[in-house]
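# A structural walkthrough
Here is what each chain is made of, one letter per residue.
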Amino acid sequence: MTAATARAPGTALGATRASPWPVFWVASIAVFLVSLDTTMLFAAFRAVRAGFPGTSAADMSWVLNAYTMVYAAMLIPAGGLADTHGRKKIFLLGVTLFLAASAACGLAGNVGWLIAARVAQAVGAALLTPASLSLVLDAFPQNKRAVAVSLWGAVGALAAAIGPSVGSFVVDAVGWPWAFYLNLPLGALSLWRGAALLKEAKKPESRRRVDGVGMGLLIVGVGALALSIVQSESPHWSRTELVVAAVTGAIALIGFVGWSRVASAPLVDLRLFKHRTYSFVNLATLVFGTAFSMMFFAFFFYMTEVWHYTLPQAGLAITPGPLLVIPFAVMSGRLAARLGHRPFLVGGGLIYAAAGLWFMLVPGSQAAYLTQWLPGLVMSGIGVGLVLPSLSAAAVNRLPADQYAVGSAVNQATRQIGSVMGVAVTVLLLGHAGLTHQSFMPLYACHVGLALLTAALCLPVNTRPVAAKT
């Protein structure tokens, strides 16, 4: 290929236009690592705490909570930065910061250092995630985007799903620092190939000023609300302090909405939410994100506390469910290009509700994995494969090109906020000694209710191609 071809003006991908899949895999590797890190440490939590003797559980919890909170709070500002400063530039910056912070996590000599490194890791993750999806959207023609975005979402969902099992095996085999070092080789590959393959879609003259006021209000709002949820059962936080944090977050978010209405170049264009589909997809994402994280924690609590599996055994036992995510995501993505996403969102929500009902009614106190757990796990894997990637795809289906990153970032941040809420509910219901099968009934009832609500919220979603209606 000639230099002239590679530098063809007006192309986002230049030399890779003929085949967008190299760009897809470069972007997806980075997102895979980010999604892996959001769940892997839940399985490795005890081992990490054991590496810092004398550290309280409350202090150690910030190794998890700081990452989730900062990641959720920074996703939308990061989407704005990608849209205004260039997707390739922000993506590579995010990957670089994520890798450097991962190395710092593994080398941490005290909890404070580890928490600070996790915050930096979350910032890097937030920078690269919306830029990654924008690069994928730019790479594919309109009629192929449903499949590509569904597969992109499936990669993230698969990584989040296998995170606990990967974490349990890695930590058990070589120690907790390798839960972070694991990011380095794949991340370096993404950085190296990304620098060579990706082409910047945005021209310098098309950039707009970053909304610093909106960014600050959003970070404070999401961070304070997440703090009040995560620490709701902590003995180190008084009810007054938690109420103050929640009120501060609510006021900041109200201020963010007010500012976005009057700002000349707001971080989030509120006209996005005038689209019925976009609004309902984000509500469904919040609800499903809560149910998704509840499922994971309930699984590990049940396997280790009721059936007395070891952590590696529990990690192996969860594997069949995640393995179903990608094939069903690919299948639904291909069909959604003709039928729209609603059948798969609604159907997947109902299947996911059936999985919760199975877990609530079938398993007993004696381990019987093949007959009592595997069928529910299969249903949950199919449900996640249909719903989670389709939510990501439906959220950006009708957005203009210049709002891909911000629009997808809102959706991804909404999912992270749901994850924080799911963790808080699970710890509230199961965070005590002497768990029995009966202890899980309220949680699985919530699981079923949230899955049914997801299906109901997706009924108004309309991404059916116009050509398919004729």
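Not measured: the values here are computed from a predicted model. (Residues numbered from 1 in each chain as written. Predicted model: local features only at pLDDT ≥ 70, side-chain atom pairs only at ≥ 80, totals over all residues. Heavy atoms only, no water.)

## Some words on the overall build of the chain
For the chain, the helix and strand inventory stands at 18 helices and zero strands. The proportion of buried residues among the 470 residues of the chain is 57%. On the chain, roughly 18400 Å² of surface is accessible, and the fraction owed to carbon and sulfur atoms is 69%. (Helix = DSSP H or I, 4+ residues; strand = E, 2+ residues; numbered from the N terminus. Buried < 20%, exposed > 50% of the residue type's maximum accessible area, 1.4 Å probe, protein only. Areas by Shrake-Rupley, 256 points an atom, 1.4 Å probe, with all protein chains shown as cover.)

## Brief notes about a nonpolar patch on the surface
A cluster of nonpolar side chains, namely Leu186, Leu189 and Trp192, defines an oily patch on the protein surface of about 310 Å² accessible area. Positionally, Trp192 belongs in helix H8 (residues 183-197). What makes Trp192 exposed here is its relative accessible area of 57%. (Patch = residues over 30% accessible without salt bridge, like charges linked within 9 Å, V, L, I, M, F, W, Y side chains within 5 Å. Salt bridge = Lys/Arg side-chain N within 4 Å of Asp/Glu carboxyl O.)

## Some details on the environment of Leu186
Relative to the helices and strands, Leu186 resides in helix H8. Overall, the relative accessible area of 36% leaves Leu186 in the partly exposed class. Put simply, Leu186 and Phe32 are 154 residues apart on the chain and 9.5 Å apart in space, counted from C-alpha to C-alpha. The residues touching Leu186, leaving out its near neighbours within four places in the chain, are Ile29 and Leu33. (Contact = heavy atoms within 4.5 Å.)

## Thoughts on unusual backbone geometry
Backbone geometry follows two general trends: most residues other than glycine have a negative phi, and most peptide bonds adopt the trans configuration. Of note, His308 is a non-glycine position whose phi angle comes to about 60 degrees, a positive value. In this fold, His308 is placed in the loop between helix H11 (276-306) and helix H12 (311-318).

## Brief notes about the nonpolar core
One finds Phe91, Phe292, Met303 and Trp373 to be the most contacted residues of the largest nonpolar core, which totals 110 residues. If you tally residues by element for this core, the top one is H11, at 16 residues. In this structure, Val48, Met60, Val63 and Ala108 belong to the second largest nonpolar core, which totals 21 residues. (Core = buried A, V, L, I, M, F, W, Y, C linked by side-chain atoms within 4.5 Å.)

## What to know about the packing of helix H15 (residues 342-361) against helix H18 (residues 441-457)
Relative orientation of the contacting elements H15 and H18 amounts to 170 degrees, with a least axis distance of 8 Å. The orientation of H15 with respect to H18, classified from their angle, is roughly antiparallel. For the pair formed by H15 and H18, the contact residues are Val346, Gly349, Leu350, Tyr352, Ala353, Gly356, Leu357, Phe359 and Met360 on the first element and Met441, Tyr444, Ala445, His447, Val448, Ala451, Leu452 and Ala455 on the second. Partitioning the contact of H15 with H18 into residue classes produces 14 nonpolar, three polar and no charged. (Axes fitted to C-alpha atoms, helices over the stretch in contact; angles between N-to-C directions. Parallel < 35°, antiparallel > 145°, perpendicular 65-115°, else oblique. Nonpolar A, V, L, I, M, F, W, Y, C, P; charged D, E, K, R; others polar.)

## Brief notes about the packing of aromatic side chains
For the structure on display, the rule yields 20 aromatic pairs. Taking the centre distance of 5.3 Å and the plane angle of 65 degrees together, the rings of Phe273 and Tyr278 count as edge-to-face. The class of Phe273 is partly exposed, set by a relative accessible area of 33%. By relative accessible area, Tyr278 is classed as buried at 3%. Relative to Tyr444, the ring of Phe359 lies with its centre 5.7 Å away and its plane at 35 degrees, an arrangement referred to as tilted. (Phe/Tyr/Trp six-rings, centres within 6.5 Å; stacked < 30°, edge-to-face > 60°.)

## A look at H8
The terminal C-alpha atoms of H8 lie 21 Å apart, and with 15 residues this matches the ideal 21 Å at 1.5 Å per residue to within 8%. Of the residues making up H8, those classed as buried are Asn183, Gly187, Ser190, Gly194 and Leu197. Down the axis of H8, the buried set is contained in an arc of 105 degrees. They therefore lie on one face. In H8, those exposed residues whose orientation departs by more than 90 degrees from the buried face are Pro185 and Trp192. (Expected span 1.5 Å × (residues − 1). Arc of directions from axis to C-beta.)

## Quick notes on the confidence of the model for the chain
The share of residues in the chain with pLDDT of 70 or more is 89%, and the mean pLDDT across the chain is 81. Note on residues 1-16: pLDDT under 50 across the span, and 20 contacts to partners over four residues away in sequence or across chains. (pLDDT = per-residue confidence, 0-100.)

## Things to note about the side chain of His437
Mapped onto the elements of the fold, His437 is located in the loop between helix H17 (404-430) and H18. For His437, a relative accessible area of 17% translates into the label buried. A polar contact of 2.7 Å, which involves the side chain of His437, links it to the side chain of Tyr302. A polar contact is formed between the side chain of His437 and the backbone oxygen of Met360, at a distance of 3.5 Å. Ignoring sequence-local partners within four residues, the contact set of His437 consists of Tyr302, Val306, Phe359, Met360 and Pro363. (Polar contact = N/O pair within 3.5 Å; in protein donor to acceptor, adjacent residues only side chain to side chain.)

## A look at the environment of Ala179
Tracing the backbone shows Ala179 in helix H7 (residues 178-181). For Ala179 and Phe169, which are ten residues apart along the polypeptide, the C-alpha to C-alpha distance reads 9.5 Å. When sequence neighbours within four positions are dropped, the list of residues in contact with Ala179 reads Asp37, Met40, Leu41, Val170 and Val171.

## Section: the environment of Gly216
Note that Gly216 resides in helix H9 (residues 212-230). Overall, Gly216 belongs to the partly exposed group, its relative accessible area being 32%. Distance from Gly216 to Met74, taken between C-alpha atoms, is 9.7 Å for residues 142 residues apart in sequence.

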